Amino acid sequence: MDGKQKWKYFGKGVEAEKAGNEFNDGLKASGQIRTYKKRSKTFGPTLTELVDAYLKSKAATLPAVSLRNTRYKFESVILPLVGHYKAMKLTPDILDRYVANRSKNVKMTTVHRELSDIQACLNWSVKRRLISHNPVHGYEKPSRDDAVIRPPSPEEIKAILAHAPEHLKRALTISYFTGLRPGNAELFRLTWGDVDMVSGYINIVSAKKGGIRERSIPLHPSFKKTLEKWHKSDNGRGHLVHYGKKRKPISTIKTTWASTKKKAGITRRLRPYDFRHAFATAILSSGGDLKATSEMLGHTRPDTTLKVYQHTNSAMHKANIDRLPDIDQ
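Keep in mind that this is a model prediction, so the values were computed, not measured.

J.: Looking at this structure, I do not really get the side chain of arginine 276. What am I missing?
T.: Topologically, arginine 276 is positioned in helix H10 (residues 274–285). No salt bridge is formed by the buried arginine 276; the nearest opposite charge belongs to glutamate 186, separated by 4.8 Å. At a separation of 3.4 Å, a polar atom in the side chain of arginine 276 contacts the side chain of histidine 299.

J.: Explanation requested: the nonpolar core in the structure shown.
T.: Inside soluble globular proteins, nonpolar side chains tend to come together where they are buried. One finds Ile160, Ile174, Leu187, Leu190, Leu227 and Leu240 to be the most contacted residues of the largest nonpolar core, which totals 35 residues. Elements with a contribution of two residues or more to this core: helix H6 (154–163), helix H7 (166–178), strand S2 (201–205), helix H8 (221–234), H10 and helix H11 (290–297). Take this core: its biggest share by element is five residues, from H7. Look past the residues within four positions of leucine 187 in its chain and what remains in contact with it is Ala171, Ile174, Ser175, Leu180, Arg181, Pro182 and Val241.

J.: Before we go on, may I ask you to explain the sheet that holds strand S1 (residues 195–196) in this structure?
T.: Strand pairing in a sheet takes place through backbone hydrogen bonds and is either antiparallel or parallel in direction. The three strands lie next to each other as S1-S2-S3, forming an open sheet whose pairing is antiparallel. Two strands bound the open sheet, and with one partner strand each, they are S1 and strand S3 (214–218). Alignment of S2 against S3, held across five bridges, turns out to be antiparallel. When the bridges of S3 are listed, valine 205 appears paired with glutamate 214.

J.: Help me understand the packing of H6 against H7 in this model?
T.: For any two helices packed against each other, one specifies the crossing angle of their axes together with the interaxial distance. H7 packs onto H6 with a crossing angle of 150° between their chain directions and a minimal axis gap of 9 Å. The angle between H6 and H7 places the two elements in the roughly antiparallel class. Taking contact as the criterion, the partners of Ile157, Ile160 and Leu161 in H6 are, on H7, Lys169, Leu172, Thr173 and Tyr176. In the contact of H6 with H7, the residues fall into five nonpolar, one polar and one charged.

Conventions and cut-offs
- Residues numbered from 1 in each chain as written.
- Predicted model: local features only at pLDDT ≥ 70, side-chain atom pairs only at ≥ 80, totals over all residues.
- Heavy atoms only, no water.
- Helix = DSSP H or I, 4+ residues; strand = E, 2+ residues; numbered from the N terminus.
- Buried < 20%, exposed > 50% of the residue type's maximum accessible area, 1.4 Å probe, protein only.
- Lys, Arg positive; Asp, Glu negative; His and termini not counted.
- Salt bridge = Lys/Arg side-chain N within 4 Å of Asp/Glu carboxyl O.
- Polar contact = N/O pair within 3.5 Å; in protein donor to acceptor, adjacent residues only side chain to side chain.
- Core = buried A, V, L, I, M, F, W, Y, C linked by side-chain atoms within 4.5 Å.
- Contact = heavy atoms within 4.5 Å.
- Pairing = 2+ DSSP bridges.
- Axes fitted to C-alpha atoms, helices over the stretch in contact; angles between N-to-C directions.
- Parallel < 35°, antiparallel > 145°, perpendicular 65-115°, else oblique.
- Nonpolar A, V, L, I, M, F, W, Y, C, P; charged D, E, K, R; others polar.

Given below as structure tokens:
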């Protein structure tokens, strides 16, 4: 030991702190003078710091839409409530208070998902050795209260479309006749280059959810006539769903959907996504082929379709029973 100080800069963030601590431990093990800043008893990084590192690591593997949604959920909902806590100081009591707070405004299913995101971040941090263990491992999340949302009826669809501005009318019509996922992942990406009016198909690049990469949906006769009108109006150029005279691409329809639904006099829970459900439910309930329907929805396997649309089973069962020959004596 020569008495000279040794300095080394590792940057900022939990990964840098981890590297610094390992460097410090190496100096201590070799008997050298401790020159790295003495480790304070602060119980390590905050949950916010871990989430930041977690999201950065997922940037290369998660689809852009999933990453954006996960980041939004953490930054807008989770971290404002518990992000200031040191991760190693998290306790079941803290999570209990989180559940009580969130359950005032959202369903338990939503709270369940948020807690799963917290656990995923903590487990990842353990694997990366950013923390020694998950302090709330095994925490019993609240039971999910998933409610089956009945797809819009033909009457509700007509009422909504009658009050919808043009861009929303297009978005919902396309969702109903193709079963695609409404939003940036599929619907808002559609351009006229994806429509083959001659062959009668619309090509959909699937969202990155592990299913088929792209799929071609036959055009319903009524939908084809509507597309022909839109095609003439748009001169066959640009996005199918756009806004204003300048035909700006759409990124969200949440606000417009809420006001239109209110004008249509519909008070029950209903989402634009349920127009996709209406597509699948109508086909399956009328005896449509399960495998073909699954492929049009972009699902990986037919059993995924059955799981998601299990509420159609009763109608499918009744349709099958009606096919039995009568043996009345």
